[in-house]
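An overview of the molecular structure
One-letter residues, chain by chain:
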Amino acid sequence: MSKIYSSSHVATHNSKQDCWVTVNGLVLELTHYMQDHPGGELAIVNFAGKDATVEFNMFHRQAQGIVNKLAPYTIVGKLSRGDSFKAKLGSTSSGCFAFLGSICGQ
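Description of the structure in this document. (Residues numbered from 1 in each chain as written. Predicted model: local features only at pLDDT ≥ 70, side-chain atom pairs only at ≥ 80, totals over all residues. Heavy atoms only, no water.)

Section: the environment of Arg81
To keep things clear, this is the line we draw: A helix here means a DSSP run of H or I that spans at least four residues, while a strand means a run of E at least two residues long, and both kinds are numbered starting from the N terminus. Only protein chains enter the accessibility calculation, which uses a 1.4 Å probe; a residue whose area is less than 20% of its type maximum is buried, one above 50% is exposed, and one in between is partly exposed.
Mapped onto the elements, Arg81 comes out in the loop between strand S5 (75-79) and helix H5 (89-104). The exposure class of Arg81 is exposed, given its relative accessible area of 85%.

This is how it looks when you write it as structure tokens:
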């Protein structure tokens, strides 16, 4: 059985040295995976301690199942039922656009 985490617990893992994110209800510990991420570390660090579902699904065609297939060792549990980062989505999305702007040179 998977361990269940609250969004407030995930939010405490918010640095490059201790990086957790949530994606599609899964809680991922990405501290050691960042260096292997094809999109670079910054794409992950920008979402440390936050929900990255929208951005993850935007960049990964087969979002459902891709974590289980490519990096199952990063899954540490699930986000508690009824718990979400929806109240914080505005800041998460703006982080994504700021990151995209840096890629595009804007």
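So much for the structure itself; the text now carries on.
Here we look at the nonpolar core
Our working definition: To qualify as a nonpolar core, a set must consist of buried Ala, Val, Leu, Ile, Met, Phe, Trp, Tyr and Cys residues joined through side-chain atoms within 4.5 Å.
By size, the foremost hydrophobic cluster in this structure holds 15 residues, and its most contacted members are Cys19, Val21, Val23, Leu28, Leu30 and Ile44. Within the residue set of this core, elements represented by two or more residues are strand S3 (18-23) and helix H4 (63-70). No other element matches S3, which puts 3 residues into this core.

Details of the sheet that holds strand S2 (residues 14-15)
Stated formally: Two strands pair if DSSP finds at least two bridges between them.
Here we have 5 strands laid out as an open sheet, ordered S1-S5-S4-S3-S2, and mixed in their pairing. Edge strands, defined here as strands with exactly one partner in the open sheet, are strand S1 (4-5) and S2. Bridge count between S2 and S3: 2 bridges; the pairing is antiparallel. The residue of S3 that forms the bridge with Asn14 is Cys19.

Comments concerning the pattern of salt bridges
Applicable threshold: Between Lys or Arg on one side and Asp or Glu on the other, a salt bridge is scored when a side-chain nitrogen of the former is within 4 Å of a carboxyl oxygen of the latter.
Tallied over the full model, the rule gives 1 salt bridge. Among the ionic pairs, Lys16 bridges to Glu41, the shortest N-O distance being 2.8 Å. With Lys16 in the loop between S2 and S3 and Glu41 in helix H2 (residues 41-45), this pair connects stretches of sequence that are 25 residues apart.

What about unusual backbone geometry?
Backbone geometry places Asn24, a non-glycine residue, at a positive phi of 50°. Following the sequence through the fold, Asn24 ends up in the loop between S3 and strand S4 (26-29). Among the residues examined, Asn24 registers a relative accessible area of 27% and is labelled partly exposed.

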